[in-house]
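A look at the structure
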Amino acid sequence: MNRPYRWDLVRPDQLGTLLERAGKPTLWFLDELIECAAKVIARAGDADLYFVGRSADSVHDLLSGTPWRERIHQLPLSFAGTWDGLSESDVDTLRGYLASAGLSPHDLARGRPKVFVDLVYTGQTFTGLYGLLRKWIDDEREAWSIIRGRLRFLGITIREDTSPSAFRWQQQFTWPADLPAHAVRNISLDEPVWLYFGNTQPKLTASFPRPRWSDENGRAPEHSEKRLRGLAEAVAIVEAGRSKAGRDLLVRHLRKEPAMAESWLRTLVTRLR
């Protein structure tokens, strides 16, 4: 399956005059983003991270400027309104795509645990993705008893009241109960930041819904004003993740996490410093 074209953000010298055309972005959300990225790392555990769609691109881009970059991957698929109408051909295409990303049932049963990360409102994307993987695992006759302990979902939600009566998306579905405790977790963002990432942020790539999965035109870079603004902002986020100030702030947030008791996170903190 195709993948949308994405520039190399770690080596922006290859971008020529594109950044000049976009102008300099204002990263008004940076502190909140760094705190969120620290929580994603710590609460996902010693695992590989897969960012679904585009909403959490900024978290991915920030971490791509750190030693954690070998653990992060993108799944630029958009599933809005898709799950109920998937044909057998669509399912085969998705399975091939996930296999190429290291997410086949065979892969899920081996190596590091796999964690899916996305901005979550209703939880439909995670629900559909879980259902797709669960049926595939059964079809391949891989050991669900092993995979269920290695499959995790990490939702980035809007920060709100934490009372027992507060809405929690995972409580609206039955499938989270099939996984171990804490396999489905949430991290919250202030509402203006969540809405920006989820709704109005200029993205580096266009959305990638089902009609574009087989469209080879999606492989070409776009040079529209919106894409170039997204490019400039993404490059600035990567640079922030590589900067001393950005890493220092990331380390400060990581040290607040209970996972600091684990050796893998202490090793990462040492590398960040």
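Our structure's up above, just so we're on the same page.
Report on the accompanying structure. (Residues numbered from 1 in each chain as written. Predicted model: local features only at pLDDT ≥ 70, side-chain atom pairs only at ≥ 80, totals over all residues. Heavy atoms only, no water.)

**Points about the nonpolar core**
A general trend in soluble globular proteins is that nonpolar side chains are found buried together. Membership of the largest hydrophobic core comes to 45 residues, with the highest contact counts inside it found for Val40, Leu49, Phe51, Val59, Ile156, Leu254 and Leu265. Every residue in contact with Leu265, bar those within four places of it in the chain, is listed here: Ile41, Ala42, Leu254, Ala259 and Met260. Counting 32 residues, the second largest nonpolar core, distinct from the first, contains Leu77, Trp136, Trp144 and Phe153. (Core = buried A, V, L, I, M, F, W, Y, C linked by side-chain atoms within 4.5 Å. Buried < 20%, exposed > 50% of the residue type's maximum accessible area, 1.4 Å probe, protein only. Contact = heavy atoms within 4.5 Å.)

**Considering the pattern of salt bridges**
Enumeration over the complete set of coordinates arrives at 14 salt bridges. Here Arg6 makes a salt bridge to Asp57, at a shortest N to O gap of 3.7 Å. In this pair, Arg6 sits in the segment before helix H1 (18–22) while Asp57 sits in helix H3 (residues 57–63), placing the two residues 51 residues apart along the sequence. We classify Asp57 as buried; its relative accessible area is 6%. In this structure, Arg71 engages Asp46 in a salt bridge whose closest nitrogen and oxygen atoms are separated by 2.8 Å. (Salt bridge = Lys/Arg side-chain N within 4 Å of Asp/Glu carboxyl O. Helix = DSSP H or I, 4+ residues; strand = E, 2+ residues; numbered from the N terminus.)

**Description of unusual backbone geometry**
For Arg141, which is not glycine, the phi dihedral falls at a positive 60°. As for its position among the elements, Arg141 is in the loop between helix H6 (124–140) and helix H7 (144–147).

**With respect to the side chain of Thr205**
Within the element layout of this structure, Thr205 appears in the loop between helix H8 (191–200) and helix H9 (225–242). In this structure, Thr205 is in contact with Pro4, Tyr5, Arg6, Arg54 and Arg227, ignoring residues within four places of it in sequence.

**Details of the sheet that holds strand E1 (residues 48–52)**
Read across the sheet, five strands follow the order E2-E1-E3-E4-E5 without closing on themselves; strand pairing throughout is parallel. Among the strands making up the open sheet, the edge pair consists of strand E2 (72–75) and strand E5 (184–189). Here the strands of the sheet are splayed against their neighbours by 25° on average, with no regard to which way each runs. Sheet topology places strand E4 (residues 151–158) next to E5; six bridges connect them, and they run parallel. Looking at the pairing, Gly155 lines up with Asn186 of E5. (Pairing = 2+ DSSP bridges. Axes fitted to C-alpha atoms, helices over the stretch in contact; angles between N-to-C directions.)

**Regarding helix H11 (residues 263–272)**
For H11, the set of buried residues is Trp264, Leu265, Leu268, Val269 and Leu272. For H11, the angular spread of the buried residues around the axis is 140°, confining them to a single face. In this fold, the buried residues of H11 make contact with helix H2 (30–44) and helix H10 (244–254). (Arc of directions from axis to C-beta.)

**Concerning the environment of Arg159**
Mapping Arg159 onto the fold places it in the loop between E4 and E5. Judged by relative accessible area, Arg159 falls into the partly exposed class, the value being 33%. Taking the C-alpha atoms as reference, Arg159 lies 22 Å from Ile237; in sequence the two are 78 residues apart. Residues contacting Arg159, with those up to four places away along its chain left out, are Glu32, Lys39, Ser188, Leu189 and Asp190. Of the polar contacts made by the side chain of Arg159, one reaches the side chain of Glu32; its length is 3.2 Å. One polar contact links the side chain of Arg159 to the main-chain carbonyl oxygen of Ser188, over a distance of 2.8 Å. (Polar contact = N/O pair within 3.5 Å; in protein donor to acceptor, adjacent residues only side chain to side chain.)

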